[in-house]
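Chains, contacts and geometry: an overview
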Amino acid sequence: MMHWNDTLISWMGAFVLLTGFMTVVFRRFGNVLGCYRLQSIGFALATAAVGLDLGEPHLYALAVLSGVIKGYLVPNWIGGFARRLGSRAEEKMAVSPAVSLFIAGGLLLAAHIISRTAVGSASAKVDDLMIALALLLIGFFFMVSRSHVLSHMMGILFMENAVTGAVVMLSSGLPLIVDLGILFDVLVGILVMSILVFRIQGAFDSVDTSELTTLHG
Amino acid sequence: MTHFNAVEGFLSIWTIDYHIENDRPFFGRVERDRLFCCLESAKSELGARLSMLTARDYGRMNDRFSLLVILDIPATTSYLAIETPLPDDNLTYRSLTPLFPNASWPEREIRDMFGITACDTPDTRPFIRKGAWPADLFPLRKDISPHRAYPIERVLLPTTVVEGEGVIEVPVGPIHAGIIEPGHFRIQVIGDTLLSLDAQFAFCHRGIEKLAEGRDPLGALLLAERQCGTCSVSNTLSFCLAVENAAGISVPPRAAYIRVILAELERLYNHVNDIAAIAAGIGMAFVTQQGLVLKEELQRINAGFFGHRFLRNVVIPGGIRSYPGIDPLNEMVELLAPIVRRLDSIVAVAIGNSIFQDRLENTGILTRSNANELGGVGPAARASGVSIDTRCDHPYDGYRILPGFDIPTRHECDVMARFRMRLDEIPTTLALIEAAVKSLPVVSSPIAATIPIIAPGSWGFGATESARGENCVFIAFDAHGRIDRYAVRTASYLNWPLIPTTVRGNILPDFPLINKSFELCYADVDR
Amino acid sequence: MLTGIAFAIRLLIKIAALAILAPLIQGCIKQFKGRLQGRHGPRLLQPFFDLIKYARKEQVISRETSWVFSAAPLFSFAAVLTAALMVPWVDRSPWPFPADLILFVYLLAIPRFMMALAGLDAAGSFGGMASSRESAVSALAEPVLLLSLLTIALPGGSLHLEAIPVAANSLPLAARAGGLAAIAFYCVVLAEIGRIPVDNPDTHLELTMIHEGMILEYSGPLLGLLHFTHWIKQITLLVLLFNVFIPIGMMVESTGAWTAIIFSALIAVVTFLAKMITAIALLAITETWLAKLRLFQMMDLLGFAFVLSITALLFVATGV
């Protein structure tokens, strides 16, 4: 009989993977943001469960902080930019949603193989590694397959989520100060990126990066 | 007055004779052979839009038929009517369709109803005639009785043919799976992508224009009121304005304000209905049902305060029949505000739903140039950035005296824009109702002017803004003060031809949604 | 193993239960949907009255049709009924022949094939359009149906429908793979029974129809039969969804004292009804909450379900 927090970790693993798949299907920025919100909350719950498992109180603090910041503040903040940019939410996709899905499935398979060769299939952590790796790859794919600047931002955030999740699940997290530093980094990163987004919007009247290749007089 | 002078200058150049009177359309008579050039010049110099194209049969031996063109001159608040007598031995004229694309339907209709042919017109198919009378019989001529049965001829529906590999034609209607009016759509598709659409109407032609002939204004009022359900006030109002225009009278102030209230109440329940209908087009049942509840409440308010769910039997030539009094009207205004607030919360549910946004945005784009060229009117044109509203451009009744109000426009041109357009117009409507109620004079002045005996041969023109756009009526009287010609051009008649321009490239299951975003009336075409 | 007579009696009881429950559940869904939308909704027994009405109506069959048109509803009904009887409801007693999930999935393919043919047969434009859409939907839905059921069946080592719930119970960490497979299965159920967001069962817009479009030409008793078939398919898929993915409360093997058997049977029936109520609520809420997807985006939904079921299978295959 497995312990309930192990079950929770396992469930959250499936859940964040689900949100990962959902991100590549959605065309609308609002939905992608919703996925990010759910994924962050899933990771926060998993972090708390790991903390309970290992008896590490600093992981609770990290769970609460990342839940609040990444599950609430950051999505609201970015949602605010999207409204201020006033761009229509539907965007051009380099790859159609259905094809993206199959690519995401392929990435999961790749993550599966890589994680098995990296830590060996006997390791208890192999599946957590697989999910984190898959999410990292899906986040990267998400970033390259979209042309909206805000989607690029979201891609980075998805990858960040995956990396932090991997660190927490595989090595029971870093010292709290490092984790806090990473969270702070995320916030500063968003700030810098948002300034850039507004500069791009101001200079090119569009936040579609595929249009940045044309010359403006 | 420079625009006024420009019109006068134009008339003096092109017409045989012309009249300019206050509060009446400019009128000029133009020779048949100069008509096309005259209108070309009107279009380029005065920026004229074609409001109405129809014909008259004077029923006399010589100079029996004439063609009547009514233009909307945007720079002035007046219309310009141009009459062109046709020689008896040659009932043809040069087609106006190349000049005004929206002349195509009226030209086909004039061919069916009067036997007057437009030369070089791109579309020669019958429009009204579906085989209920022989091809050589022209119902609106004076020698044809509306009370006689004529042999029915079986005709095949004329079609356009689109050919090519993989092109499939899907005929839809005129009898549909749901309880809607008859319209026949021939849709050419490649796979599920729409290639072209040919819409045909007038399957239930009722001959209202013919039936009105020979009646006095009050008798014809019943016909005008019942032409269609949802534009009842607007159609009646246009009719009454035309009669008043012919009689040369104006309505008392109380009636003028009540008419504004009626017209805006009609707009309100129509807009709420259209919002619900668009939600129904994508199967969003919650929003549909809640919207229909609100529409029902609005119609009950109509019935409670004015005695009829469609606000019939209130407007009469010369004024109004009755109204509930100022206190009940103030009460009514207070009932409307909460309904609109509830509408806002329901619509917020719809707009926040990503499937809803996905289905509506970028669907059925009506480009601004198409809306302009085809003479689109109403919320559909305003959602494509064309700022056109009869209430502002040609104010009538209370709209002349009420303080200025906003006519919002949008620029996204898609189904979502048309959805939001209706929402945007509702505050204006509420404000107008409130202002009209506030401005109602308390003194007991009459609410209807008496219609004097109408001078033989006089005519009048009336135009109002319905929930779908501008509805126009032209009325001419005979020597006994009875109606000699009653011609109607409704907003739906102008806007139906817009829909085929919006569907190309959309997928077939989205066509009903695009259609609903215009929510046009079939009965207004099958009049 | 049951004797032939006992088996026949069980089948008859199940057919009777189907005849009552299938229309009743349809009525409950409509009623609950109506309530959620702020309407009174039709009464619960309305589907029964509809069936009686259809049975009495005149049958109009287009001159252009062939025998396929009249035969398709019968084939569909037979196939769906057989599939429905294979699905365990309250007990797990085995069938006398291999009633496995591959047979089940292909029994459900028969009505799709027959109805697509019937839609084309009348040569109406809507029927043909609906047939092509239905084929597109089922091409994606069928593999997901099979894969998501396989996810649960594989660890148990048996493809028999009655064995799957047992396998699900014994599957370690069924939650993770099962959760993903359940979501995939639910997406497919929505597509298979023609509900929002894939199809709108209440629409009158011919151009948007899928399932309704194929049966547009039918009338009278055959139309009633088609509706009844559809309701049986609906209840069968819902039962399967709940019994496979939430395999609680089902009757255990009938050994021991008869009181224990009756007690366990009672529990099984009560759980079953609770599951059906949940299913009704789930469907009604989904349909009220969502709107119909654009035709081509429904492929995204089914693609999503497909990738989910593959992922679930991957989890199971690697013993997670």
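How each quantity is defined
Residues numbered from 1 in each chain as written. Chains lettered and ligands numbered in written order. Predicted model: local features only at pLDDT ≥ 70, side-chain atom pairs only at ≥ 80, totals over all residues. Heavy atoms only, no water. Helix = DSSP H or I, 4+ residues; strand = E, 2+ residues; numbered from the N terminus. Rg over C-alpha atoms; globule rule 2.2 N^0.38 Å. Buried < 20%, exposed > 50% of the residue type's maximum accessible area, 1.4 Å probe, protein only. Contact = heavy atoms within 4.5 Å. Areas by Shrake-Rupley, 256 points an atom, 1.4 Å probe, with all protein chains shown as cover. Lys, Arg positive; Asp, Glu negative; His and termini not counted. Charge placed at Lys NZ, Arg CZ, Asp CG, Glu CD. Phe/Tyr/Trp six-rings, centres within 6.5 Å; stacked < 30°, edge-to-face > 60°. Core = buried A, V, L, I, M, F, W, Y, C linked by side-chain atoms within 4.5 Å. Domains from an automatic or database assignment. Salt bridge = Lys/Arg side-chain N within 4 Å of Asp/Glu carboxyl O. Polar contact = N/O pair within 3.5 Å; in protein donor to acceptor, adjacent residues only side chain to side chain. Nonpolar A, V, L, I, M, F, W, Y, C, P; charged D, E, K, R; others polar. Pairing = 2+ DSSP bridges. Axes fitted to C-alpha atoms, helices over the stretch in contact; angles between N-to-C directions. Parallel < 35°, antiparallel > 145°, perpendicular 65-115°, else oblique. Left-handed = near helix turned anticlockwise from the far one by under 90°. Buried area = accessible area lost by both parts, 1.4 Å probe. pLDDT = per-residue confidence, 0-100. Expected span 1.5 Å × (residues − 1).

A short note on the overall build of chain C
Each helix and strand counted, chain C has 11 helices and 0 strands in total. When its helices and strands are written in sequence order, chain C yields α-α-α-α-α-α-α-α-α-α-α. In terms of overall size, chain C behaves like a compact globule, its C-alpha atoms giving a radius of gyration of 20 Å where 320 residues would be expected to give roughly 20 Å. Each of the three principal axes of chain C carries a C-alpha extent, and together these read 60 × 45 × 40 Å. Out of the 320 residues in chain C, the part that is buried amounts to 59%.

Comments concerning the overall build of chain B
Helix and strand counts for chain B stand at 18 helices and 15 strands. Against the 2.2 N^0.38 benchmark of 24 Å for 527 residues, chain B shows a C-alpha radius of gyration of 23 Å, consistent with a compact globule. Taking the principal axes of its C-alpha atoms as reference, chain B extends roughly 75 × 65 × 50 Å. With 527 residues in all, chain B has 62% of them scored as buried. Within chain B, contacts between residues at least 6 apart in sequence are counted, and of these 68% link residues at least 24 apart. Element-wise, carbon and sulfur atoms account for 54% of the exposed surface of chain B, whose accessible area totals about 19,400 Å². Charge-centre separation for chain B: the mean point of 51 positive side chains lies 4 Å from the mean point of 62 negative side chains.

Considering the packing of aromatic side chains
Residue and element names in this part refer to chain C. By the definition in use, this model includes 26 aromatic pairs over all chains. With a centroid separation of 5.0 Å and 20 degrees between ring planes, the pair formed by Trp-89 and Phe-272 is classed as stacked. Here Trp-89 is found in the loop between helix 3 (67-86) and helix 4 (101-121), whereas its partner Phe-272 is found in helix 10 (residues 258-289), with 183 residues between them in sequence. Since its relative accessible area comes to 8%, Trp-89 is described here as buried.

Let's talk about the nonpolar core
Formed by 304 residues in total, the largest nonpolar core has its most connected members in Ile-78 of chain A together with Leu-71, Ile-187 and Phe-306 of chain B. Counting the residues that make up this core, at least three belong to each of domain 1 (2-119) and domain 2 (208-315 + 324-441 + 451-518) of chain B. Those residues in contact with Leu-71 of chain B that sit more than four places away from it in its chain are Leu-39, Ala-42, Ala-48, Arg-49, Leu-50, Ser-51, Tyr-79, Leu-80, Ile-82 and Phe-100 of chain B. Residues Phe-69, Ala-122, Tyr-218 and Leu-223 of chain C belong to the second largest nonpolar core, which totals 14 residues.

Focus on the interface of chain B and chain A
Taken together, the 8 residues of chain B in the interface contact 4 residues of chain A. Scanning the region where chain B abuts chain A turns up 2 salt bridges. Between Asp-358 of chain B and Arg-28 of chain A there is a salt bridge, and its shortest N-O distance comes to 2.8 Å. Where chain B packs against chain A, one counts 4 residue pairs in polar contact (both at pLDDT 80 or more). Tallying contributions element by element places helix 10 (residues 354-360) of chain B first for the side of chain B that touches chain A, with 3 residues. Residues of the side of chain B that touches chain A, tallied by class, amount to 1 nonpolar, 3 polar and 4 charged.

What to know about the sheet that holds strand 9 (residues 184-190) of chain B
Residue and element names in this part refer to chain B. Spatial ordering of the open sheet is given by 8-9-10, a layout of 3 strands whose pairing is antiparallel. For this open sheet the edge positions go to strand 8 (167-172) and strand 10 (193-200), each flanked by a neighbour on one side alone. Direction aside, the axes of adjacent strands within the sheet are offset by 20 degrees on average. As paired strands, strand 9 and strand 10 are joined by 7 bridges and run antiparallel to one another.

Examining the packing of helix 7 (residues 253-281) of chain B against helix 8 (residues 285-306) of chain B
The axes of two packed helices give the description: the angle between them and the distance between them. All names here are of chain B. As a packed pair, helix 7 and helix 8 sit with axes 7 Å apart at the nearest point and diverge in direction by 160 degrees. Classified by the interaxial angle, the pair formed by helix 7 and helix 8 is roughly antiparallel. In the crossing of helix 7 with helix 8, the sense of the turn from one axis to the other is left-handed. For the pair helix 7 and helix 8, contact is made by Ile-258, Ile-261, Leu-262, Leu-265, Leu-268, Tyr-269, Val-272, Asn-273, Ala-276, Ala-279 and Ala-280 and by Val-287, Thr-288, Gly-291, Leu-292, Leu-294, Lys-295, Leu-298, Gln-299, Asn-302 and Phe-306, respectively. Partitioned by chemical class, the residues of the contact of helix 7 with helix 8 number 15 nonpolar, 5 polar and 1 charged.

Structural notes on the domain arrangement of chain B
All names here are of chain B. In terms of domain boundaries, chain B breaks down into domain 1 (2-119) and domain 2 (208-315 + 324-441 + 451-518). Here the C-alpha centre of domain 2 lies 27 Å away from the C-alpha centre of domain 1. With 27 residues of domain 1 in contact, the opposing surface of domain 2 contributes 33 residues. Between domain 1 and domain 2, a total of about 2,400 Å² is buried, with carbon and sulfur atoms accounting for 54% of that surface. Where domain 1 meets domain 2, there are 2 salt bridges. The closest approach of N and O atoms between Arg-56 and Asp-484, which form a salt bridge, is 2.9 Å. Counting every contact that joins domain 1 to domain 2 gives 12 residue pairs in polar contact (both at pLDDT 80 or more). Broken down by secondary-structure element, the contributors of at least two residues to the side of domain 1 that touches domain 2 are strand 3 (49-57), strand 4 (65-72), strand 5 (79-85) and helix 3 (104-114). Of the residues forming the side of domain 1 that touches domain 2, the biggest block, 7 residues, is contributed by strand 3.

Focus on the confidence of the model for chain C
As a note on interpretation, predicted positions should not be read in detail where pLDDT is low. On average, residues of chain C score 85 in pLDDT, and 93% of them reach the 70 mark or higher. The element-level mean pLDDT for chain C is lowest in helix 6 (residues 164-170) of chain C, coming to 61, with helix 2 (residues 46-56) of chain C highest at 94.

Points about helix 8 of chain B
The periodicity of an α-helix, 3.6 residues per turn, causes residues three or four positions apart to be oriented the same way. All names here are of chain B. Along its 22 residues, helix 8 runs 31 Å from first to last C-alpha, staying within 8% of the 32 Å computed at 1.5 Å per residue. Every buried residue belonging to helix 8 is among Val-287, Thr-288, Gln-290, Gly-291, Leu-294, Lys-295, Leu-298, Gln-299, Ile-301, Asn-302, Phe-305 and Phe-306, and all of these are buried. Elements in contact with the buried residues of helix 8: helix 7 and helix 9 (326-351). One or two residues past the end of helix 8 sits Gly-307, with phi positive at roughly 85 degrees.

Observations concerning the interface of chain C and chain B
Contact residues are listed per partner, giving 26 residues for chain C and 31 residues for chain B. When the two sides are added together, the surface that chain C and chain B hide from each other amounts to roughly 2,400 Å², 62% of it contributed by carbon and sulfur. Area buried by chain C at its contact with chain B is led by Gln-37, Leu-207 and Arg-294 of chain C, which between them contribute 27% of it. Here Asp-510 of chain B makes a salt bridge to Arg-294 of chain C, at a shortest N to O gap of 3.5 Å. Connecting chain C to chain B are 10 residue pairs in polar contact (both at pLDDT 80 or more). Among the elements of the structure, helix 5 (125-156) and helix 10 of chain C are those that each provide at least two residues to the side of chain C that touches chain B. At 4 residues, the largest contribution of residues to the side of chain C that touches chain B is made by helix 5 of chain C. Of the residues that constitute the side of chain C that touches chain B, the class distribution is 13 nonpolar, 8 polar and 5 charged.

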